[in-house]
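Letter by letter, the chains look like this.
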Amino acid sequence: MSAAKAGSPRPAPATVVITQQLRPGREAEFRRWQTAVNDAAAEFPGFLGADVTPPGDAQSEWSVVYRFDDIVNLKRWLGSETRAELLASGTGFFERPSTQHVLVDEPDDAGVTVVVSHPVPAGRESEFIAWQDRVTEVERTFRGFRGSELHRPIPGVQNEWTIIYSFASAGDLNRWLESPQRKALLAEAPDFRDFEVHRIANPYGSWFPPSKTGEDDGPASWKTALSVLVGLYPTVVILTLIITEIWPGGQLWISLLIGNILSVSLLTWVVMPVVTRALGFWMQPGRDPRTDMIGLACSVGFLTLAAVFFYLVTRVFWTLP
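Counting its regular elements, the protein chain contains 10 helices and 8 strands. Across the 321 residues in the protein chain, those meeting the buried criterion constitute 40%. Summing over all exposed atoms, the protein chain offers an accessible surface of approximately 17400 Å²; the carbon and sulfur share of this is 60%.

Within the largest apolar cluster, 24 residues are counted, with the highest numbers of intra-cluster contacts made by Val16, Tyr66, Phe68, Leu74 and Trp77. Here this core gets 5 residues from one element, more than from any other, and that element is helix 1 (residues 27-42). Other than its neighbours up to four places away in sequence, Phe68 contacts Pro13, Ala14, Ala41, Phe44, Pro45, Gly46, Phe47, Leu48, Asn73, Leu74 and Trp77. Among the nonpolar cores identified, the runner-up in size contains 22 residues, and Val112, Trp161, Ile163 and Trp176 belong to it.

Another aspect to go through is the confidence of the model for the protein chain. For the protein chain, per-residue confidence averages 77 on the pLDDT scale, and residues scoring 70 or more make up 79% of the total. When pLDDT is averaged over each element of the protein chain, helix 3 (residues 81-89) comes out on top at 91 and strand 8 (residues 196-200) at the bottom at 63. Segment residues 106-110: pLDDT under 50, and 14 contacts once partners within four positions in sequence are set aside and those in other chains are kept.

In this section: the packing of helix 4 (residues 125-139) against helix 6 (residues 180-187). Between helix 4 and helix 6, whose axes approach to 11 Å, the crossing angle comes to 175°. The angle between helix 4 and helix 6 falls in the class roughly antiparallel. Residues Trp131, Arg134, Val135 and Val138 of helix 4 touch helix 6, and the partners they reach there are Gln181, Leu185 and Leu186. For the contact of helix 4 with helix 6, the class distribution of residues is 5 nonpolar, 1 polar and 1 charged.

A word on the packing of aromatic side chains. Considering all chains together, one arrives at 16 aromatic pairs under this definition. With a centroid separation of 5.5 Å and an interplanar angle of 65°, the aromatic rings of Phe128 and Trp161 are classed as edge-to-face. Pair noted here: Phe128 is in helix 4 and Trp161 is in strand 7 (residues 161-167), with a separation of 33 residues, a long-range link. Trp161 carries the same exposure label as Phe128, and that label is buried. Geometrically, the ring pair formed by Tyr165 and Phe167 is edge-to-face, given 6.1 Å between the ring centres and 85° between the ring planes. In this structure an aromatic cluster arises from ring pairing among Phe30, Trp33, Trp62, Phe93 and Phe94.

Throughout the structure, instances matching the rule amount to 9 salt bridges. Across the salt bridge formed by Arg134 and Glu188, the nearest N and O atoms sit 2.8 Å from each other. Pair noted here: Arg134 is in helix 4 and Glu188 is in the loop between helix 6 and strand 8, with a separation of 54 residues, a long-range link. Glu188 sits in the partly exposed class, given a relative accessible area of 44%. A salt bridge links Asp172 to Arg175; the shortest N-O distance between them is 2.4 Å. A residue pair is termed a helical-turn pair when its members lie 3 or 4 positions apart in one helix, as Asp172 and Arg175 do in helix 5 (residues 170-177) at 3 residues. Residue class for Asp172 comes out buried when judged on its relative accessible area of 7%. Several salt bridges share partner residues, and in doing so they unite Arg143, Asp172 and Arg175 into one network.

Calculation notes
Residues numbered from 1 in each chain as written. Predicted model: local features only at pLDDT ≥ 70, side-chain atom pairs only at ≥ 80, totals over all residues. Heavy atoms only, no water. Helix = DSSP H or I, 4+ residues; strand = E, 2+ residues; numbered from the N terminus. Buried < 20%, exposed > 50% of the residue type's maximum accessible area, 1.4 Å probe, protein only. Areas by Shrake-Rupley, 256 points an atom, 1.4 Å probe, with all protein chains shown as cover. Core = buried A, V, L, I, M, F, W, Y, C linked by side-chain atoms within 4.5 Å. Contact = heavy atoms within 4.5 Å. pLDDT = per-residue confidence, 0-100. Axes fitted to C-alpha atoms, helices over the stretch in contact; angles between N-to-C directions. Parallel < 35°, antiparallel > 145°, perpendicular 65-115°, else oblique. Nonpolar A, V, L, I, M, F, W, Y, C, P; charged D, E, K, R; others polar. Phe/Tyr/Trp six-rings, centres within 6.5 Å; stacked < 30°, edge-to-face > 60°. Salt bridge = Lys/Arg side-chain N within 4 Å of Asp/Glu carboxyl O.

The following block contains the structure:
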């Protein structure tokens, strides 16, 4: 797996990935407790957000991801008395002690993500890195492999080397985990076989960012649909006018293809980030009815004004000689 990224003059964002095996029948209590933990984390300096993800399959655990703007602020939260008291009050929810992996720089978007932690004997670091490079070269040959990152130990936080790797699907991941190639690599490095593997069910990436308090349910479906419409309608109309003006005699099938490519690109990297920030007060789950009504009125009002504006524009546009 690739070596850790070179340092930057600016502090790098820091992430802690916590995996935990929940006891049967404790989900409702756990969710209330986890919300309290997330709310407490949100009060600490540098907090950027939290994600709570339930198991993706029978072999997965609950995962909680906290993001801070740098490792200093993350350490402050991890070592706080507030967090220690909350953890002590929640020990009864779990089958065994939770695992914790601290990363500097966030992992890439992935369909299925795996966190592997290795305790490496002192003086064997170079040998371990060379072996991980061989592992990565073999992983690349497997279908669905999306990438991997190697994170060095962080003094005072964790002693293990942590590897993040991801595949497009659970099936692709299982083919790698059960492959004879992987077993051969493990057999050739017996001193590095003392490790832990934790699956995480895709907590990263979306048009709609996770809530600051870590609610995993996300926005209501009707809010998601309406917010997409807020971004989609003006984008499509503007692109249609531009394409028609630039290529008035173009064939419908090719102009639609070009328009769709441009629309998706603009929505993903330009329009939807703006829309989700503007409607962030309304998109989060658990909002009161008054906030829901304000967000609905803003969305419908914007679409109404946009429709009137484009009606006037196209009326002039299509009547010009």
